[in-house]
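Coordinate inspection notes
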Amino acid sequence: MPSEAATAIAYVGAFVGLVGGGVALFNSWKAVCWKRAELANSYMKDFNNNPELVFAGRCLDWNGGRLILPESLRPYMPDNAQTIQHHRRVFAQALRPDLPLSGMDEDPRLQIYRTSMDSFLTWLCLVASALDRKLFLVADIQDVGYWVAKIQSEVVLHGFIVGYGYQKNIEKLIRFYRHKKSPYRDWVFPINIPHRRNAPDAATRSEPSAAPSRPQQDQE
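Quick notes on the rules
Residues numbered from 1 in each chain as written. Predicted model: local features only at pLDDT ≥ 70, side-chain atom pairs only at ≥ 80, totals over all residues. Heavy atoms only, no water. Helix = DSSP H or I, 4+ residues; strand = E, 2+ residues; numbered from the N terminus. Buried < 20%, exposed > 50% of the residue type's maximum accessible area, 1.4 Å probe, protein only. Contact = heavy atoms within 4.5 Å. Areas by Shrake-Rupley, 256 points an atom, 1.4 Å probe, with all protein chains shown as cover. Phe/Tyr/Trp six-rings, centres within 6.5 Å; stacked < 30°, edge-to-face > 60°. Lys NZ or Arg CZ within 6 Å of the ring centre and 35° of its normal. Salt bridge = Lys/Arg side-chain N within 4 Å of Asp/Glu carboxyl O. Core = buried A, V, L, I, M, F, W, Y, C linked by side-chain atoms within 4.5 Å.

**Focus: the overall build of the protein**
Helix and strand counts for the protein stand at eight helices and two strands. When the elements of the protein are put in sequence order from the N terminus, they spell out α-α-β-β-α-α-α-α-α-α. Buried positions account for 41% of the 220 residues belonging to the protein. Nonlocal contacts in the protein, meaning residues at least 24 apart in sequence, comprise 65% of its contacts between residues at least 6 apart. When the accessible area of the protein is evaluated, it comes to approximately 12,900 Å², of which 57% is carbon and sulfur surface.

Right, dumping it as structure tokens:
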């Protein structure tokens with residue numbers, strides 16, 4: 001009898017040990033997920049709290065209208081103007097990779113657009129690098145998928161991306177968000193084509209033609 005009791009105690013002890021190990025493993029996994037999400041949130045906070053990045057996003061989002069300039073970009077404007085008239089033709093000219101330095105003197109908006117988009121693409125490259133190193137997952141920072149889809153629709157931006165070394169990281173983001181499972185995989189924006197020189201500014205925002213999940217079912 002004593003040996004049977006000892007065996008039973010040993011089994012109970014082993015079971016308790018397995019349960020304890022499982023709980024510890026689960027808690028460790030939860031801690032890792034929490035840290036990933038926290039890091040991803042810090043990237044998004046950096047974006048939302050950086051007026052220059054927010055301004056660049058609005059330049060991509062809107063086809064025209066008056067935009068408020070971040071303080072860091074106001075010195076490019078005469079008399080430190082606080083706003084600019086957003087125009088797609090000027091935006092497209094600013095993003096030409098072959099634009100000479102002398103060409104930027106034609107319009108102060110050229111340097112403003114160019115500087116803000118450089119900051120915007122640099123931030124996206126940091127996100128791509130973090131995803132590539134698995135510091136966090138696409139599910140932790142899904143909102144970036146919106147900008148990846150938007151960039152694909154911005155034909156005028158593609159030459160700038162290639163010409164200034166952003167292509168590799170942007171292609172990574174396209175693979176993460178557009179080729180794999182992601183809420184933004186099926187989003188399709190209309191292709192943005194620069195306005196003709198005599199076309200008026202249109203204060204309209206580009207809208208996707210599909211919703212995040214199964215757009216065909218959302219349309220009535």
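Okay, back to it.
**Overview of the packing of aromatic side chains**
Here the structure, examined in full by the defined rule, presents 14 aromatic pairs. With a centroid separation of 5.1 Å and an interplanar angle of 85°, the aromatic rings of F91 and Y113 are classed as edge-to-face. Taken as a pair, F91 in helix α3 (residues 88–94) and Y113 in helix α4 (residues 108–132) lie far apart in primary sequence, 22 residues in all. An identical accessibility class is assigned to F91 and Y113; each is buried. Ring centres of Y146 and W147 lie 4.9 Å apart, and the angle between their planes is 90°; on these two criteria the pair is classed as edge-to-face. A relative accessible area of 11% places W147 in the buried class. Taken together, the ring pairs in this structure connect F47, F120, W123, Y146, W147, Y184, W187 and F189 into an aromatic cluster. Here the guanidinium or amino end of K150 rests over the ring plane of F189, the centre of that ring lying 5.3 Å away. Residue placement shows R175 over the ring face of F176; its charged tip is 5.4 Å from the ring centre.

**Considerations on helix α7 (residues 167–179)**
Residues N169, I170, K172, L173, I174, F176, Y177 and R178 constitute the buried set of α7. Elements that come into contact with the buried residues of α7 comprise α4, α5 (144–153) and α6 (155–163).

**Topic: the pattern of salt bridges**
In a structure, side chains of opposite charge can pair up when their charged atoms sit close to one another. By the definition in use, this model includes seven salt bridges. Put simply, R88 and E154 hold a salt bridge, and the shortest N to O gap is 2.6 Å. Separated by 66 residues along the polypeptide, R88 in helix α3 and E154 in the loop between α5 and α6 bring together distant segments of the chain. For the pair formed by R88 and E154, the shared burial category is buried. A salt bridge links D132 to K172, with the nearest nitrogen and oxygen atoms 3.1 Å apart. Linking D132 in helix α4 with K172 in helix α7, this pair joins segments that are 40 residues apart in sequence. The exposure class of K172 is buried, given its relative accessible area of 15%.

**Structural notes on the environment of E71**
Checked against the element boundaries, E71 lands in the loop between β1 (64–68) and β2 (83–87). Overall, E71 belongs to the exposed group, its relative accessible area being 64%. Between the C-alpha atoms of E71 and A81, which are 10 residues apart in sequence, the distance is 9.5 Å.

**Focus: the nonpolar core**
One finds F120, L121 and I141 to be the most contacted residues of the largest nonpolar core, which totals 54 residues. Only α1 (2–48), α2 (51–61), α3, α4, α5, α6 and α7 provide two or more residues apiece to this core. Looking at which element gives the most residues to this core, the answer is α4, with 13 residues. Setting aside chain neighbours within four positions, we find F120 in contact with F47, L53, A56, G57, L60, W147 and I151.

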